[in-house]
Amino acid sequence: MIKNTLMILTLGLFLLSTALYAGKPLNKQHKGLTGKDGAKVNCVYCHKTAGNPKTEGNDLEQLKKGPYCNSKDCHGKK
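Keep in mind the model is a prediction, meaning the values are calculated, not measured.

## Regarding the overall build of the chain
Check the secondary structure of the chain and you find 4 helices and 0 strands. Helices (α) and strands (β) of the chain occur, in sequence order from the N terminus, as α-α-α-α. A sequence separation of at least 24 residues applies to 28% of the contacts in the chain between residues at least 6 apart.

Quick look at the structure:
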């Protein structure tokens, strides 16, 4: 009984944290943008395709110079 309760609570916390993380400003800031190759900009695009690390304190200016972020749609560049 206790195992089931702990499993349900853990699952609930994962779902809650996912819902809260999905509303982060970074996701809203990039909504509707496309990368240099025409693909939709999202978490997978930035972290898998562009190879940006998932760490705190990334140098934004350095990331803007990358081959995938240097498009007219990214970071307000026109």
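Having seen the model, we can carry on.
## Section: the side chain of Asn52
Relative to the helices and strands, Asn52 resides in the loop between helix H3 (43-49) and helix H4 (60-64). Asn52 sits in the buried class, given a relative accessible area of 14%.

## Let's talk about the confidence of the model for the chain
Looking at the chain as a whole, its pLDDT mean stands at 76, while 79% of the residues score no less than 70. For the chain, per-element mean pLDDT is lowest for helix H2 (residues 25-29), which scores 68, and highest for helix H1 (residues 2-22), which scores 86.

Rules used in this analysis
- Residues numbered from 1 in each chain as written.
- Predicted model: local features only at pLDDT ≥ 70, side-chain atom pairs only at ≥ 80, totals over all residues.
- Heavy atoms only, no water.
- Helix = DSSP H or I, 4+ residues; strand = E, 2+ residues; numbered from the N terminus.
- Contact = heavy atoms within 4.5 Å.
- Buried < 20%, exposed > 50% of the residue type's maximum accessible area, 1.4 Å probe, protein only.
- pLDDT = per-residue confidence, 0-100.

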